[in-house]
Amino acid sequence: MGFHMKKLIVGNWKMNGDLASNAALLQTLMPKITSATCTVAVCVAAPYLASVQALLSGSAMQWGAQDVSQHEVGAYTGEVSAAMLRDFSARYVIVGHSERRQYHGETDVHVALKAQRALAAGITPIVCVGETLAERELGQTEEIVKRQLAAVIHANGHCISEIVVAYEPVWAIGTGKTASPEQAQHVHAVLRAQLRAASAHADKVHILYGGSMNAANAQQLLAQADIDGGLVGGASLKTADFLSIIAAAS
Ligand SMILES: O=C[C@H](O)COP(=O)(O)O
């Protein structure tokens, strides 16, 4: 990053948790997160937004959702709109997570629209990009992540500095395999250059790393010049591990 900016650690709970375990986790985390630590958020399943909002309001922690509809309002059964997320004061929403791209057929076009809906509602989209193992082995990593980010830039050029980007190599998600700090930094630098070409304010964009970030590897990853935080899956469900990652980022 180009100037001093607090790092951002986002827990992506995915389809885990329940009312009781969510509350227990947040009640342990909350007192440890202050204005002196890095920025911390949790992205929770939509049904839990109200309870998470009630728990975290007034704390230093932020909350968000894991997906948003590409549509504004109307006959879209099962969808959740950006305005609905805003009703629960969601600060962030993840868009284009590889699990959505892979299991729900989301394309770059959908992801760009979702980012647009979030921005229009005043919610920060966390735009996920990343290559599969096959794509990496074919030497296509840069091409893939640039194509994924270009779609979002194309649709949101005027406010691109308001987004968060998450580089998540698909082969590192939930596998225990992490990109090396050098591998991750290389891709982050590519993404930073792409953002700089699109915006004079690109250096204020947080580019997060995601993919088996844990207590043991967080410090080295976060020490890289263009790694501004983490999007943490599995380790965000374990209090001690998540706190270690937060400490490494603070
Ligand atoms: O959004 C988070 C990523 O998919 C990483 O998940 P993970 O930390 O369980 O590998």
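Residues numbered from 1 in each chain as written. Predicted model: local features only at pLDDT ≥ 70, side-chain atom pairs only at ≥ 80, totals over all residues. Heavy atoms only, no water.

Details of the sheet that holds strand 1 (residues 8-12)
Where strands meet in a sheet, backbone hydrogen bonds hold them as pairs that are either parallel or antiparallel.
Thinking step 1. Read once around its circumference, the closed barrel built from 8 strands follows the order 1-2-3-4-5-6-7-8, with strand pairing classed as parallel. Sheet twist, expressed as the average angle between the axes of neighbouring strands with direction ignored, equals 25 degrees.
Thinking step 2. By the bridge criterion, 4 bridges tie strand 1 to strand 8 (residues 229-232) in an arrangement that is parallel. Bridged to Leu8 within strand 8 is Gly229.
Thinking step 3. Contacting strand 4 (92-95) and strand 5 (124-129), helix 5 (residues 108-120) runs over the sheet at an angle of about 160 degrees to strand 5.
Thinking step 4. Against the sheet, helix 7 (residues 141-156) contacts strand 5 and strand 6 (164-167), and its axis sits at roughly 155 degrees relative to strand 5. (Pairing = 2+ DSSP bridges. Helix = DSSP H or I, 4+ residues; strand = E, 2+ residues; numbered from the N terminus. Axes fitted to C-alpha atoms, helices over the stretch in contact; angles between N-to-C directions. Contact = heavy atoms within 4.5 Å.)

Things to note about the UniProt feature "active site" (unreviewed entry) in the chain
Thinking step 1. Feature annotation in UniProt places "active site" (unreviewed entry) on His97 and Glu168, given in this structure's numbering. A stretch of 72 residues holds the annotated residues, and the largest C-alpha distance among them is 8.4 Å, short enough that they meet in one place.
Thinking step 2. Apart from the residues lying within four places of it in its own chain, the contact partners of His97 are Asn12, Lys14, Cys128, Glu168 and Ile173.
Thinking step 3. Non-local contacts of Glu168, meaning those with residues more than four positions away in its chain, are made with His97, Cys128, Val129, Gly130, Glu131, Ile173, Gly210, Gly211 and Leu231. (UniProt positions renumbered as here; feature names shortened; annotations may be inferred.)

Observations concerning the environment of Asp226
Thinking step 1. Position of Asp226 relative to the elements: it lies in the loop between helix 9 (218-222) and strand 8.
Thinking step 2. The buried category is assigned to Asp226, whose relative accessible area is 10%.
Thinking step 3. Expressed as a C-alpha distance, the spacing of Asp226 and His186, which sit 40 residues apart in the sequence, is 8.7 Å.
Thinking step 4. Of note is the side chain of Asp226, whose polar atom sits 3.0 Å from the side chain of Arg192. (Buried < 20%, exposed > 50% of the residue type's maximum accessible area, 1.4 Å probe, protein only. Polar contact = N/O pair within 3.5 Å; in protein donor to acceptor, adjacent residues only side chain to side chain.)

A look at the environment of Val68
Thinking step 1. Position of Val68 relative to the elements: it lies in the loop between strand 3 (62-65) and helix 3 (82-87).
Thinking step 2. Between the C-alpha atoms of Val68 and Val152, which are 84 residues apart in sequence, the distance is 15 Å.
Thinking step 3. If near-sequence neighbours (up to four positions away) are discounted, Val68 is found in contact with Val80, Ser81, Ala82, Leu85, Val93, Val95 and Lys114.

Things to note about helix 7
Thinking step 1. Taking 1.5 Å per residue as the helical rise, helix 7 with its 16 residues ought to reach 22 Å, and the 23 Å between its terminal C-alpha atoms agrees with that figure.
Thinking step 2. Listed in full, the buried residues belonging to helix 7 are Thr141, Ile144, Val145, Gln148, Leu149, Ala151, Val152, Ile153 and Asn156. (Expected span 1.5 Å × (residues − 1).)

Regarding unusual backbone geometry
Thinking step 1. The residue Ser89 is not glycine, and still its phi comes out positive at about 55 degrees.
Thinking step 2. Tracing the backbone shows Ser89 in the loop between helix 3 and strand 4.
Thinking step 3. Even without glycine at this site, Ser212 takes up a positive phi of about 55 degrees.
Thinking step 4. Along the chain, the position of Ser212 falls in the loop between strand 7 (207-210) and helix 9.
Thinking step 5. The class of Ser212 is buried, set by a relative accessible area of 17%.

Side note on the pairing of strand 4
Thinking step 1. Burial along strand 4 is two-sided: the residues Tyr92 and Ile94 and Val93 and Val95 are all buried.
Thinking step 2. Pairing of strand 3 with strand 4, which is carried by 2 bridges, proceeds in the parallel orientation. Within strand 4, the position partnered with Gly64 by the bridge is Tyr92.
Thinking step 3. For the segment spanning strand 3, helix 3 and strand 4, crossover handedness is right-handed.
Thinking step 4. Looking at chain direction, strand 4 and strand 5 are connected through 4 bridges and run parallel. Directly across from Tyr92, in strand 5, lies its bridge partner Thr124. (Right-handed = clockwise from strand over helix to strand, strands pointing away.)

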